[in-house]
Amino acid sequence: MKKYQTHIILTIIFCMMAFAANARRMSPRDAFSDSVMCLVFKYSQSVDTTGRAEHKSYAYTKFQIKTNKRNATLMLVPTMYAVAHGGGRRFISEFYNQMTLDANGRPVAKRLLNISTIPHRSNTLSSVLKYMTPTVYGETLFETNILSPFHYKNRRYYKYAVTQLPFGKAHVYPRLKNTQVIEARAIVDSQSGKISMVDFEGEYDMTRFYISIIMGKDGFGSLSPARCSMRANFSFMGNKITGMYTTVYGLPKILSDSLNNVADTALMAKVRPIELNQDEADIYRKFYEKRKQITDSLNNNIPEKNFAKDILWDVIGDNVLNRISQGFGKQNQGYFRISPILNPLYMGYSERKGIVYKFDLKGGYRFTENLELGLRFKGGYSMKQHRFYFNIPMTFNYNPKHNGYLKLEIGNGNRISNNRVARKMLGISKPEDNDFLNPLFSKYPGLSLPEISTDIDANNRKLTEFKDDYLRLTNHWSFNDYVGFEIGLVSHQRKAVVESFYKLFNYPSKYVSVAPAVALELLPWGKKGSIFKIDYEKGWKNLLGSNIDYERVEADAQTIFQASRRQSYSIRLGAGFYTRKGDHWDFVDYTNFHDDNIPGGWNDSWSGEFELLPSQWYNASDYYVRGNFTYEAPMIATAWLPLIGKYIEAERLYVSSLVVNHLHPYTEWGYGVTTRAITLGFFAAFKNTKFNGIGCRFGFELFRDW
C-alpha cells in the first residue's frame, strides 16, 4: 500500500515539474497574447456604465438586396415572397431608428422612418438585421446566438494570437467547425484591452456573413459599435441572395420620436448621414420612374386587374406561404399574426401521431395601458390518427402590476381510452382483459355494429375511446412577485366514439363533469425563478348538467436554470391523486399530466413530456408521480465530430420517469440535436425496468427566427 502511495506522489510531483517547465518555456509572444486577451476579457467590467440604460440615441441603416439566382422554392422562405415574385432583382431599403437598451443591455430599435423599393415595403431578410447590432463583449454576439470570442467563458472554443504592435492585432480562430463559433480579427489596445475595430466571419441559419465593425471611442459607448458594415450571402435550394448592409450609430436627435415607420423620402434625406452611391441612386431612380409610369397609365386608362397575378399571387400567395403580421388602430393598439397556412416547412413527426401539421393564429388589442385582450387559435392535424386538435385561449389582462387576468380556454383534448365502462357493460371483471369483442359477440350472437371494423385491436380501441371537449375559465392574481392565486371553473364533455355500442345496452354514451378549481402559485425566487403550484378541483354531480363527481389534488414544480455558454437545465417534478371517486367514476384526467397534442411554438418544446408513453396511460391511474430533466448546450458530443459537427446548433439530453398503476416505474432516456433544418430526437423507453422500445421525433426548424 505504501509503495502504491509513493508511486502516486512521485507521479504528481513529476506532472507539477513538467507543468512548471512548460510554463518557463512559454514564448514571449504567447505570454503577450495571453496578457492582452485577459485585458480584453476584463474590459467591459472596467468601463463605467452609469446612465447607459437611460441613454437614447439614433441609428441609420441602408441595405441592398441582389438576387443572383432564384426559383419557385424561394417563395417558401419567410419574408422573401416579395423578392421571389417581384419583377426586379435589386432592391434597396433605408431605416432610421431610435435606439435604447433593454434590462440585459441589448439594443432595442424603434423604427421611425422606412423607405424601400421592395414591394409593400416588406421586411425582407429581416433575421439578418440582428447581425448589425452585435454585443461584442457579451457571451453571445447576436441575441442568443453565436458565442462571442471576446468573452472569458467562451475561451475554450477559440485559439488566440496577438501581434505585438502599438495597437495589437488579435486573430481569433475557432477550435472546431461549428455554426455557433466564428473567426475574428481585431485591433486591440494592448494597455487596456479596448477593441477599436473588429471583423467577424461565420455562418448561421443558411447565411454566410462578413462583418466589419468600428467600435465607439469613449465610456460606455466603447462597448457598442459606432459603425457596422456587412455582406450576407443567403443560399437555399439553388436560390442565392446577396445583401450589403451599413449602419451608423450614435446619431443626434433630428426628428420627433412620435414617428412610426413613416415612408418619407424628404425626411430620410434630412437624417441620412452618408450619401447614396451611384448604384444605390440608380435603383431608386428606376423604381420611382416605373411607379410614375404605372400611375400615369392608371390615370389615362384604368386596366382590368390580372386575376392570376394580382389576386392569386400577390394576395393569396403571399398570405398562404408566409407569415402574416399586421398592426391596426390609430396608434397600433391591435395586432394579428398568422403562421403560414400551406408552408410544408411547418410540420413535425412523432411515433404516435405520425406527421402533424400545425398552424398558429394570434391577435390582440390594447384598450389602455392596463387593459388588453388577447386571442389565440392553435390547431394541428395528425395524419396517423386522422384527428384535428385545437386550443383557443382568450385572455383579458386587467392589471399588469399584479399579473391579473381572466382566461377562457376552449379545446378538444385527448381521446380518453378507459375500459372501465365497457367492462361494466360486458360483465368482465378482470382489468387486464382488453378483448371486448369476443365476450360481446359470444354473448350476443348475430350482433352487428356498422361502426366497427374487422380488426379486433382497432375495435377494442374504438369501443373504449371517448372524445373530450373541454372549457376552462380562470382568474389569476399575483399578490406580489412571490405568491399568486387562481380560481375558476373546469368542464369536460366526453362522448363515446362508437355511441351505438353503449346505446345498445341502454348505457350512457356521454359524460359531463363540472368542477370549481383553485390553485396556489409560489415563486420563491421571484418572477424569473422556479414555480411551485398546487391545484385543487372538486366536481359536483348535477352542477350545470354534470353527471360525474370527483375530487383531485395536484402539485407541480418547474424551473429552468440558464447557465453560461448557452447552457440550460430544465427540471419538472409533479404528482397528482384523486381523493374522491363518485359512484359512477369512470374517468381520470389531470391538469399537469396529459398528452400535449399541440406543442407550443415551432421549436423544440419537448422538455417535460413523455415521447413514447402510449396515450391511454395518461388516464389509467388514480395517481401519478413524474419527473423530467433536460440538459441543453450548444456543444456536447456530436458538435465536436468532423463533417457533421459544423451543422449542430444545440444538443440535448433527456431523462424522464413516471410512476402510475402498473408502471413502477416507466422511464425514458433521450438525446436530441438541433440543426438549421430540423430538430431530431431519439428516445428509449423502459417499462418496469425492462426495455420497452425506441422511437424518434423530429420537427422542421427552417427559418424559425425569420
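Everything below is about the structure shown above.
Here we summarise the structure given alongside this text. Remember, predicted model here, so these are calculated numbers, not experimental data. (Residues numbered from 1 in each chain as written. Predicted model: local features only at pLDDT ≥ 70, side-chain atom pairs only at ≥ 80, totals over all residues. Heavy atoms only, no water.)

Right, let's get into the overall build of the protein. Across its full length, the protein holds 10 helices and 31 strands. Considering only intrachain contacts with a sequence separation of at least 6, the fraction spanning at least 24 residues in the protein is 58%. Summed over all atoms, the accessible surface of the protein reaches about 36,400 Å², with 58% contributed by carbon and sulfur. (Helix = DSSP H or I, 4+ residues; strand = E, 2+ residues; numbered from the N terminus. Contact = heavy atoms within 4.5 Å. Areas by Shrake-Rupley, 256 points an atom, 1.4 Å probe, with all protein chains shown as cover.)

Our next topic: the pattern of salt bridges. Counted by the stated rule, this structure contains 20 salt bridges. Its salt-bridge partner being R366, residue E372 comes within 3.1 Å of it at the nearest N-O pair. In this structure, R472 engages E537 in a salt bridge whose closest nitrogen and oxygen atoms are separated by 3.7 Å. Remark: E537 occurs in strand β24 (residues 531-539) and R472 occurs in strand β21 (residues 465-478); sequence separation between them is 65 residues. Judged by its relative accessible area of 22%, R472 is partly exposed. Residues joined in a network through salt bridges with shared partners are E183, R185, E201, E203 and R208. (Salt bridge = Lys/Arg side-chain N within 4 Å of Asp/Glu carboxyl O. Buried < 20%, exposed > 50% of the residue type's maximum accessible area, 1.4 Å probe, protein only.)

Bringing the environment of D279 into the picture now. Mapped onto the elements, D279 comes out in helix α5 (residues 278-300). Taking the C-alpha atoms as reference, D279 lies 9.8 Å from Q64; in sequence the two are 215 residues apart. Other than its neighbours up to four places away in sequence, D279 contacts Q64 and R90.

With that settled, consider the side chain of N154. Topologically, N154 is positioned in the loop between β5 (145-147) and β6 (158-163). We classify N154 as buried; its relative accessible area is 0%. Here E139 takes part through its backbone oxygen, which lies 2.8 Å from a polar atom of the side chain of N154. If we ignore the near neighbours within four places in the chain, the residues touching N154 are E139, L147, S148, Y160 and R565. (Polar contact = N/O pair within 3.5 Å; in protein donor to acceptor, adjacent residues only side chain to side chain.)

The strands that make up a sheet pair up through hydrogen bonds in the backbone, lying either parallel or antiparallel. Ordered in space as β3-β2-β1-β12-β11-β10-β9-β8-β7-β6, the 10 strands form an open sheet in which the pairing is antiparallel. Both outer strands of the open sheet, β3 (107-116) and β6, are each paired with one neighbouring strand and no more. With direction set aside, neighbouring strand axes in the sheet form an average angle of 15°. Direction of pairing for strand β1 (residues 57-69) relative to strand β2 (residues 90-101): antiparallel, over a ladder of 10 bridges. Across the sheet, I65 pairs through a bridge with F91, a residue of β2. (Pairing = 2+ DSSP bridges. Axes fitted to C-alpha atoms, helices over the stretch in contact; angles between N-to-C directions.)

Let us now look at a nonpolar patch on the surface. The grouping of F479, F485, I487, V518, L520, L522, W525, F532 and I534 at the surface amounts to a nonpolar patch, some 830 Å² of accessible area in total. At 3 residues, strand β23 (residues 510-522) tops the list of elements feeding residues into the nonpolar patch. With respect to the element layout, F479 can be found in the loop between β21 and β22 (483-496). Given the relative accessible area of 48%, F479 is considered partly exposed. (Patch = residues over 30% accessible without salt bridge, like charges linked within 9 Å, V, L, I, M, F, W, Y side chains within 5 Å.)

A large share of β2 lies buried, amounting to 9 of its 12 residues. Here β2 runs beside β3; their pairing, made up of 9 bridges, is antiparallel. Following the sheet pairing, N97 is matched in β3 by R111.

Turning our eyes to something else, we now look at unusual backbone geometry. Here the amide bond leading from H664 into P665 is cis, since omega sits at -5°, within 30 degrees of zero. Topologically, P665 is positioned in strand β29 (residues 663-675). Of note in this structure, L544 is not a glycine but carries a positive phi near 55°. In this fold, L544 is placed in the loop between β24 and β25 (550-562).

The next point concerns the packing of aromatic side chains. On inspection of all chains with the given rule, the structure shows 31 aromatic pairs. Ring centres of F41 and Y160 lie 5.8 Å apart, and the angle between their planes is 80°; this geometry places the pair in the edge-to-face category. Note that F41 is positioned in helix α2 (residues 28-46) and Y160 in strand β6, a separation of 119 residues in sequence. Taking relative accessible area as the criterion, F41 reaches 12% and is therefore assigned buried. On the basis of relative accessible area, Y160 is assigned to the partly exposed category, the value being 21%. (Phe/Tyr/Trp six-rings, centres within 6.5 Å; stacked < 30°, edge-to-face > 60°.)

To continue, consider the side chain of H492. Along the chain, the position of H492 falls in strand β22. Within polar-contact distance, the side chain of H492 engages the side chain of D589 at 3.4 Å. Other than its neighbours up to four places away in sequence, H492 contacts D468, D469, Y470, Y511, V512, S513 and D589.

Attention now goes to the environment of I182. Looking at where I182 falls in the secondary structure, it is placed in the loop between β7 (167-174) and β8 (183-189). Residue I182 is classed as buried on the basis of its relative accessible area of 1%. Along the primary structure I182 and G202 are separated by 20 residues, whereas in three dimensions their C-alpha atoms are 4.8 Å apart. Non-local contacts of I182, meaning those with residues more than four positions away in its chain, are made with L141, I146, P149, Y158, P174, F200, E201, G202 and F209.

For the rest of this paragraph, the subject is the nonpolar core. By size, the foremost hydrophobic cluster in this structure holds 62 residues, and its most contacted members are F150, I195, F200, I211, M230 and Y245. Top element by residues in this core is α2. It accounts for 6 residues. Contacts of M230, omitting those with residues within four sequence positions, involve V128, Y131, M132, F209, Y210, I211, G243, M244 and Y245. (Core = buried A, V, L, I, M, F, W, Y, C linked by side-chain atoms within 4.5 Å.)

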